[in-house]
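If you want the building blocks of each chain, they are given just below.
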Amino acid sequence: MYLITGGAYQGKSNYAVSVFKFDNNSIADGKTVDFEEINKYLCIKNFHILVRRMMKDGKTTEEIKIIVDSLDENTVIITDEIGNGIIPVDQFERDWREQTGRICCYIASQSRKVVRLTGGIPVIIKDESK
């Protein structure tokens, strides 16, 4: 598995397409993909939104980790960093940030490569693919 993270609009999807040569049919959008369909894709962008949708659907962190474990070992997950900034007043928003962080830490621990993009520049955090 591969994890690409960074702030919003930092070029994460473009980076994934340029490195992995994905076409549009290979990329699922976490904003709209059917939960049952995510195994059909090589890349999942907006993973943080997918986690939000799953939480709204009642899925726990452990259930989401099981879904992550079911993904192909070469899946690329693209997520925004959402834990910075002002702490939300709304309890669900705080829980979402925390659970997304925990799940992304889990994904990073399972990933062969973790890349953080800032200003379109990739910074390799972990690389066990060699």
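What this report covers is the structure whose coordinates are included nearby. All of these numbers come straight from a predicted model, not from anything done at the bench. Numbering of residues starts from 1 in each chain and follows the order in which that chain's sequence is written. With pLDDT at 70 or above as the cut-off, local features in this predicted model cover only qualifying residues; side-chain atom pairs require 80 or more to be listed or tallied, and sums for whole chains, interfaces and linings still use all residues. Here the side-chain values reflect all heavy atoms present in the structure, with hydrogen atoms and water set aside.

## Examining the environment of I49
Think of it this way: any DSSP run of H or I at least four residues long counts as a helix, any run of E at least two long counts as a strand, and we number them from the N terminus. Here I49 shows up in helix α2 (residues 47-56). Taking the C-alpha atoms as reference, I49 lies 13 Å from G83; in sequence the two are 34 residues apart.

## Looking at the pattern of salt bridges
A carboxyl oxygen of Asp or Glu within 4 Å of a side-chain nitrogen of Lys or Arg is what we treat as a salt bridge. One pass over the structure, following the stated rule, counts 7 salt bridges. For D57, the salt bridge is made with K59, and the minimal N-O distance between the two is 3.6 Å. For every residue, the accessible area (1.4 Å probe, protein chains only) is compared with the maximum for its type, and the residue is labelled buried under 20%, exposed over 50%, or partly exposed between those bounds. Residue D57 is classed as partly exposed on the basis of its relative accessible area of 48%. K59 gets classed as partly exposed once you look at its relative accessible area, which sits at 23%.

## Considering the environment of Y106
With respect to the helices and strands, the residue Y106 is situated in helix α4 (residues 91-110). For Y106 and V68, which are 38 residues apart along the polypeptide, the C-alpha to C-alpha distance reads 9.3 Å. The contacts of Y106, once residues within four sequence positions are left out, are K65, V68 and D69. Throughout, a contact is declared for two residues whenever any of their heavy atoms are within 4.5 Å.

## Some thoughts on the packing of aromatic side chains
Paired rings are identified among Phe, Tyr and Trp, the last through its six-membered ring, by centres lying within 6.5 Å, and are further divided according to the angle between planes into stacked (under 30 degrees), edge-to-face (over 60) and tilted (the rest). Across all of its chains, the model carries 2 aromatic pairs by this definition. On the numbers, 5.6 Å between centres and 20° between planes, the contact of F20 with F22 is stacked. Here F22 falls in the buried class, since its relative accessible area comes to 13%. Taken together, the ring pairs connect Y2, F20 and F22 into an aromatic cluster. Definition used: whenever NZ (Lys) or CZ (Arg) falls within 6 Å of the ring centre and also within 35 degrees of the ring normal, the charge is taken to sit over that ring. Of note, R52 hangs over the ring of W96, and the distance from its end group to the ring centre comes to 4.7 Å. Here K56 stacks its cationic end above the ring of F92, 4.5 Å away from the centre of that ring.

## Quick word on unusual backbone geometry
Although it is not a glycine, Y9 adopts a positive phi angle of roughly 60°. Looking at the element boundaries, Y9 is found in the loop between β1 (2-6) and α1 (12-20). Among the residues examined, Y9 registers a relative accessible area of 82% and is labelled exposed.

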